[in-house]
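Letter by letter, the chains look like this.
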Amino acid sequence: AVDLGQSDLQVAIAIQEKAMASRQSETIGDTLILVEPSSGSFTCGASTTPDQLIHEREWYADRGFDLFDVKRGGGSTHNAEGQINGWFVSKVSNLRNHVMLLERVFVAALAENGVRARSRIDEGNEFVGVWVEDKKIANFGTHTTGSVTSTWFALNVSMDLGPWLFIVPCGLQAAVTSVEESGSG
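In this report, we go over the structure that sits alongside the text. (Residues numbered from 1 in each chain as written. Predicted model: local features only at pLDDT ≥ 70, side-chain atom pairs only at ≥ 80, totals over all residues. Heavy atoms only, no water.)

Re the sheet that holds strand β6 (residues 83–91)
Then step 1. Taken in spatial order, the 7 strands make up an open sheet running β1-β2-β6-β10-β9-β8-β7, and their pairing is mixed. Either end of the sheet is taken by a strand with one partner, and the two such strands are β1 (2–7) and β7 (118–119).
Then step 2. Along the sheet, helix α1 (residues 9–24) makes contact with β1, β2 (31–37), β6, β9 (135–145) and β10 (148–156), crossing β6 at roughly 15°.
Then step 3. Packed onto the sheet, helix α3 (residues 95–112) meets β6, β7, β8 (130–132), β9 and β10 and runs at close to 150° relative to β9. (Pairing = 2+ DSSP bridges. Helix = DSSP H or I, 4+ residues; strand = E, 2+ residues; numbered from the N terminus. Contact = heavy atoms within 4.5 Å. Axes fitted to C-alpha atoms, helices over the stretch in contact; angles between N-to-C directions.)

In C-alpha cells form, the structure reads like this:
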C-alpha cells in the first residue's frame, strides 16, 4: 500500500494514473493508494451530467473549491479533509463482483466501528457505494484500461458535510453522512 497522508487530490490522481500504467505493464503488482485530500474539491466522473453541478463552474472556484473531471465512473462527488480517498489498482476478472466485495469490506469495517451500513447495489448500479439508512457514506467509481481496473473510493469519516449541498451527489437526490455523524463507537 502507498499512503500519501494528507495531500493534494490532483497529485494523488496523477500517482494513481502512473500506477495504472505500471500495473498494465506488470512492473508492479496490485496496489492500494490512500490519501486524505488536503483541500476541498469537487470531482466529476464519466456519468456526471450538467444538472449535478448546482452552480456554474466559476462559482466553485470563487469559493476556493477545485472542480475537475476524473477518469472514473460515477457522478459528481465532494472530496475534502476528513475523508479517506483511495484507489485499488488491480487486475479484475469480474468488475461487478469486485465492487460488491469492496462494498462488503467497507460494511464490515464500519460495523467494527459502530456504524450500521449496507450495500444497495441490488437496487441498481446508481446505488453503488455504502449507505447508512438512506444516506451515502462511501462512494465508488471504476476506470478500466485493458485488464487493469482502478477502483476509486471515498469514505466520509469526519468531514464538513455542508459542501455536499452544492452538488447532486452521484446524480442522486440522496443525503450523505459520515462515520462521525453516524455514531461511531
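Comments concerning unusual backbone geometry
Then step 1. In this structure, Glu-133 is a non-glycine residue whose phi angle is positive, near 55°.
Then step 2. Relative to the elements of secondary structure, Glu-133 occurs in the loop between β8 and β9.
Then step 3. In this model, Cys-170 sits at a positive phi of 55°, which is unusual for a non-glycine residue.
Then step 4. Looking at the secondary structure, you find Cys-170 in the segment after β10.

A word on the packing of aromatic side chains
For any two aromatic rings, the description comes down to two numbers: the centre-to-centre distance and the angle of the planes.
Then step 1. Using the criterion set out here, one finds 9 aromatic pairs in the structure.
Then step 2. Here Phe-106 and Phe-140 contribute two aromatic rings whose centre-to-centre distance is 5.1 Å and whose plane-to-plane angle is 75°, an arrangement assigned as edge-to-face. One end of the pair, Phe-106, is in helix α3; the other, Phe-140, is in strand β9, and 34 residues separate them in sequence. Taken individually, Phe-106 and Phe-140 each receive the classification buried, so the pair is uniform in this respect.
Then step 3. Ring pairs connect the aromatic residues Phe-42, Trp-59, Tyr-60, Phe-65 and Phe-166, which therefore count as one cluster.
Then step 4. Taking the ring centre of Trp-152 as reference, the NZ or CZ of Arg-72 above it sits at 4.3 Å.
Then step 5. Here the basic side chain of Arg-120 rests over the ring of Trp-131, its NZ or CZ set 4.3 Å away from the ring centre. (Phe/Tyr/Trp six-rings, centres within 6.5 Å; stacked < 30°, edge-to-face > 60°. Buried < 20%, exposed > 50% of the residue type's maximum accessible area, 1.4 Å probe, protein only. Lys NZ or Arg CZ within 6 Å of the ring centre and 35° of its normal.)

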